[in-house]
Amino acid sequence: MEYIPSVFWLIPIASICALVMAWFFFRNMMTEEEGTPRMAEIALYVRKGAMAYLKQQYKVVGIVFVILAIVFAIMAYGFNAQNPWVPFAFLTGGLFSGLAGFFGMKTATYASARTANAARQSLDRGLKVAFRSGAVMGLVVVGLGLLDIALWFIVLTYFYHGDNTALITITTTMLTFGMGASTQALFARVGGGIYTKAADVGADLVGKVEANIPEDDPRNPATIADNVGDNVGDVAGMGADLYESYCGSILSTAALGATAFLSSGEMQMKAVIAPMLIAAIGVFLSLLGIFLVRTKEGASMKDLLRSLGLGTNTAAVLIAFASFGVLYWLQIDNWLGISFSVLSGLAAGVIIGQATEYYTSQSYKPTQDISEASSTGAATVIIKGIGTGMISTCIPVITISVAIMMSFLCANGFDMSMSAQSIQIGLYGIGIAAVGMLSTLGITLATDAYGPIADNAGGNAEMSELGEGVRQRTDALDALGNTTAATGKGFAIGSAALTALALLASYIEEIKIAMHRVGDTMTDLTGKTIDATQATIPDFMNYFQVNLMNPKVLVGAFVGAMAAFLFCGLTMGAVGRAAGKMVAEVRRQFREIKGILEGTGTPDYGRCVEISTLSAQQEMIFPSLLAIIIPILVGCVLGVAGVMGLLVGGLSAGFTLAVFMANAGGAWDNAKKYVEEGNFGGKGSECHKATVVGDTVGDPFKDTSGPSLNILIKLMSMVSIVMAGLTIAFA
């Protein structure tokens, strides 16, 4: 492969290393003892339920994928409105995304009982088992992501090479496998979110509030479904979500680099592989960070957070230095400025994570104030939580805004002329900032996947009656998991904003290719006719009248903002309906099965698992398909200008709304934990019941609608890119 530089091969090597280390951590986890026969039995219930759900979900998603692949094939081979590689790229994106979720969830369901058993020995041992099991998820995502990217780059370079436009064709074609990943991720997030919250709400409202029994009590029929839901929503769903963000950021940056450095073939290739190389080095630094995570017995919440912070922050600092080294070694034009663009993305990720931790951890005042509001009832808990969530949007939005401006200006050398070349290089800087934020995903996703493992470990300890000392350790790990999950959601949302902005610029590149494919030309401001492939971004903005005075742009922006709220409303309603069925079933079992509350009767766990599974499968289809249909309709009716407005409106409203929902939900959850630690009356008190209601309201906020929004804004961008040919044909 003489057309591929030798340094490129570091990328597949890094992907293989990540997958080998994931296997190593999995095998190490499997050598741990699962504990007592009761612990193994409970873990088996959860494992079977999770795999049964995932099998059913993949059947439904598989049908959708086959239909969409046929549509893309007809567009490509029947109407020449699509690159012929697109149907295959779309399918591989969905396949690898699904595999990432499957391997992560398989690990998590084996790890929970082993974490609980390790916590019988020490807090540090429990933390290591849970965290390194979560690391399997992180390493599988980056390993499969880089492998998919490397394979497609090799294949497409073999078929397309020779001139500078070949790399534009290669990178824009590779972008389309992101739609497969996005589609799979949305189904995983929405379906998993509905599943887990239906079970969680049913278990909390009837078990904790009405029956006054502890969380994860074996007498509660919904408790197994609740533990299954943690895995299908927060492990499989999050893995598929961040796989798509990771690949999307790398591919959109590569596509922008191919255009920004079009005048020099050698420089163009360097700009294309630079984000891939930064991500590859991030794999090795993530591994270093994973091995640094450890703690001491009796550690406080701040000690545990510091332990995780040591690993993640070390990896982040080292990747900053490594990025400078990579870009200097490649000798990319203005390598120093582009390096600072990477740094701005990394800094934004750290700041958003810290802000999320401040607003959601029970170690800080905002969440403690929500707990204090419980003294006057559930209503004030909800009011205070909503207010806290709204205020919490300020720091992430300002941070992302500063990161966008700094990465743009650093990359173009603070050129304020806004010339065509200045804009192209600046957009490349924004894309590589997203890569910087996600470069150490191997460890940042490990901290997120750790959460549901620790949560399930606590449930296993409670149902297996392991004793107060063990339960205290698993509660500490679980509370840490709530904070890391909230931080992970903030990180995912922040990375989605930068990735979606880079995809917005990539949409123009795909429009360029689509116009060239059908032979369209453009007329610039001087009246001169130019080939679409030679047009700049300002040329496109003028030609399609993408400005605020064009009603098509404004209508598109309104529709995009509305889509975010409509999507949240549909998913919240789905959780409400599914939870209603679960509440009715738990009440029925308490009423009809004798001896459950006394501990002499056996609940029908399987029926609750079945209700969650069926509800999730039925309810996930319409909201998910809506995210695909809206960009297509807007493109056909309002054209390119309308789509640009749609993506901007969806990005701005979706990002802010997602931060609000994730942080409000996380704060409500940890406010409940703060009361359970013995504050304001402790477990079973009126304050506790009030915070349980707040947590119940927050469950679909933080685990269904909020995290699904970051996939929505990226999926709408991906659909717009893939359907660019259709938009040109109709509009």
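In case you missed it, the structure is sitting above this.
Residues numbered from 1 in each chain as written. Predicted model: local features only at pLDDT ≥ 70, side-chain atom pairs only at ≥ 80, totals over all residues. Heavy atoms only, no water.

Student: How do you make sense of the overall build of the protein when you look at a structure like this?
Tutor: Check the secondary structure of the protein and you find 21 helices and two strands. Relative to a compact globule of 731 residues, whose C-alpha radius of gyration would be 27 Å, the protein shows 25 Å and is just as compact. If you line up the protein on its principal axes, its C-alpha atoms span 85 × 45 × 45 Å. Across the 731 residues of the protein, 66% fall into the buried class. Taking the intrachain contacts of the protein between residues at least 6 apart in sequence as the baseline, contacts between residues at least 24 apart amount to 83%. Accessible surface for the protein amounts to roughly 23900 Å². Of this, 65% is attributable to carbon and sulfur atoms. Mean positive and mean negative side-chain charge positions of the protein (43 and 53 charges, respectively) differ by 4 Å. (Helix = DSSP H or I, 4+ residues; strand = E, 2+ residues; numbered from the N terminus. Rg over C-alpha atoms; globule rule 2.2 N^0.38 Å. Buried < 20%, exposed > 50% of the residue type's maximum accessible area, 1.4 Å probe, protein only. Contact = heavy atoms within 4.5 Å. Areas by Shrake-Rupley, 256 points an atom, 1.4 Å probe, with all protein chains shown as cover. Lys, Arg positive; Asp, Glu negative; His and termini not counted. Charge placed at Lys NZ, Arg CZ, Asp CG, Glu CD.)

Student: Just to check I follow, could you spell out unusual backbone geometry for this structure?
Tutor: Glycine aside, residues mostly have negative phi angles, and peptide bonds mostly take the trans form. The phi angle at Glu 465 is positive, at roughly 55 degrees, despite the residue not being glycine. When you line up the elements, Glu 465 lands in the loop between helix 15 (441-463) and helix 16 (468-518). Under the relative-accessibility criterion, Glu 465 is labelled exposed at 68%. Positive phi, close to 55 degrees, is recorded for Phe 680, a residue that is not glycine. Along the chain, the position of Phe 680 falls in the loop between helix 19 (605-676) and helix 20 (686-722).

Student: What exactly am I supposed to notice about the layout of surface pockets here?
Tutor: Gaps left between atoms show up when a probe the size of a water molecule is rolled over them. Taken as a whole, the largest pocket encloses approximately 770 Å³ of empty space. Around the largest pocket, the lining comprises 29 residues; the ones closest to its centre are Leu 427, Leu 501, Leu 504, Met 644 and Val 648. If you list the elements that add at least two residues to the lining of the largest pocket, you get helix 13 (394-411), helix 14 (420-438), helix 16, helix 17 (537-543), helix 18 (551-592) and helix 19. The leading source of residues in the lining of the largest pocket is helix 19, at seven residues. A class-by-class count of the residues in the lining of the largest pocket yields 24 nonpolar, five polar and no charged. (1 Å grid on protein atoms, 1.4 Å probe; cavity = no way out; pocket = protein on both sides within 12 Å on 5 of 7 lines; lining within 4 Å. Points joined across faces, edges and corners; volume = space filled by probe spheres on them. Nonpolar A, V, L, I, M, F, W, Y, C, P; charged D, E, K, R; others polar.)

Student: Is there a simple way to think about the state of the cysteines in this case?
Tutor: In a disulfide, the sulfur atoms of two cysteines are held together by a covalent bond. Applying the stated criterion across every chain, the model contains zero disulfides. Free of any disulfide, Cys 17 has its nearest cysteine sulfur in Cys 247, 18 Å distant. (Disulfide = S-S within 2.5 Å.)

Student: I keep staring at helix 6 (residues 177-210) and nothing clicks. Help me out?
Tutor: Three or four residues apart is the spacing at which side chains of an α-helix point the same way, because the helix has 3.6 residues per turn. Taking 1.5 Å per residue, 34 residues should reach 50 Å; helix 6 reaches 48 Å between its end C-alpha atoms and fits that length. By the criterion of burial, helix 6 is predominantly enclosed, with 31 of the 34 residues buried. Positioned one or two residues after helix 6, Asn 212 has a phi angle of 60 degrees, which is positive. (Expected span 1.5 Å × (residues − 1).)

Student: Is there a simple way to think about a nonpolar patch on the surface in this case?
Tutor: Residues Val 66, Ile 70, Ile 74 and Phe 79 make up a contiguous nonpolar surface patch of roughly 410 Å² in combined accessible area. The residue Val 66 is located in helix 2 (residues 37-78) in this model. Judged by its relative accessible area of 48%, Val 66 falls in the partly exposed class. (Patch = residues over 30% accessible without salt bridge, like charges linked within 9 Å, V, L, I, M, F, W, Y side chains within 5 Å. Salt bridge = Lys/Arg side-chain N within 4 Å of Asp/Glu carboxyl O.)

Student: So what exactly am I meant to see when it comes to the packing of helix 7 (residues 223-260) against helix 19 here?
Tutor: Working note: a packed helix pair is described by the angle between its axes plus the distance between those axes. As a packed pair, helix 7 and helix 19 sit with axes 7 Å apart at the nearest point and diverge in direction by 45 degrees. Considering the angle they form, helix 7 stands oblique to helix 19. Note that helix 7 runs across helix 19; the crossing there is right-handed. Here helix 7 contributes Thr 223, Ile 224 and Ala 225 to the contact with helix 19, which in turn contributes Tyr 605, Cys 608, Val 609 and Ser 612. Taken together, the residues of the contact of helix 7 with helix 19 break down into five nonpolar, two polar and no charged. (Axes fitted to C-alpha atoms, helices over the stretch in contact; angles between N-to-C directions. Parallel < 35°, antiparallel > 145°, perpendicular 65-115°, else oblique. Left-handed = near helix turned anticlockwise from the far one by under 90°.)

Student: Help me understand the packing of aromatic side chains, please; the structure alone is not making it clear to me.
Tutor: Given two aromatic rings, their pairing is described by the distance between the two centres and the angle made by the two planes. Considering all chains together, one arrives at 23 aromatic pairs under this definition. The interplanar angle of 80 degrees and the centroid separation of 5.7 Å between the aromatic rings of Phe 261 and Tyr 428 together place this pair among those described as edge-to-face. Linking Phe 261 in the loop between helix 7 and helix 8 (265-292) with Tyr 428 in helix 14, this pair joins segments that are 167 residues apart in sequence. Like Phe 261, the residue Tyr 428 is buried in the burial classification. Among the aromatic side chains, those forming a connected cluster through ring pairs are Trp 85, Trp 152, Tyr 158 and Phe 159. (Phe/Tyr/Trp six-rings, centres within 6.5 Å; stacked < 30°, edge-to-face > 60°.)

Student: What should I look at first to understand the pattern of salt bridges in this one?
Tutor: Side-chain pairs of opposite charge can arise whenever the charged atoms involved come near each other. Taken as a whole and judged by the stated rule, the model has 23 salt bridges. Lys 714 is the salt-bridge partner of Glu 244, the closest N and O atoms lying 2.8 Å from each other. Here Lys 714 lies in helix 20 and Glu 244 lies in helix 7, a separation of 470 residues in the sequence. Lys 714 carries the same exposure label as Glu 244, and that label is buried. The shortest N-O distance in the salt bridge between Glu 462 and Arg 471 comes to 3.3 Å. For Arg 471, a relative accessible area of 9% corresponds to the buried category. Each of Lys 197, Asp 200, Asp 669, Lys 672, Asp 695, Asp 699, Lys 702 and Asp 703 takes part in salt bridges that share partners, so that together they form one network.

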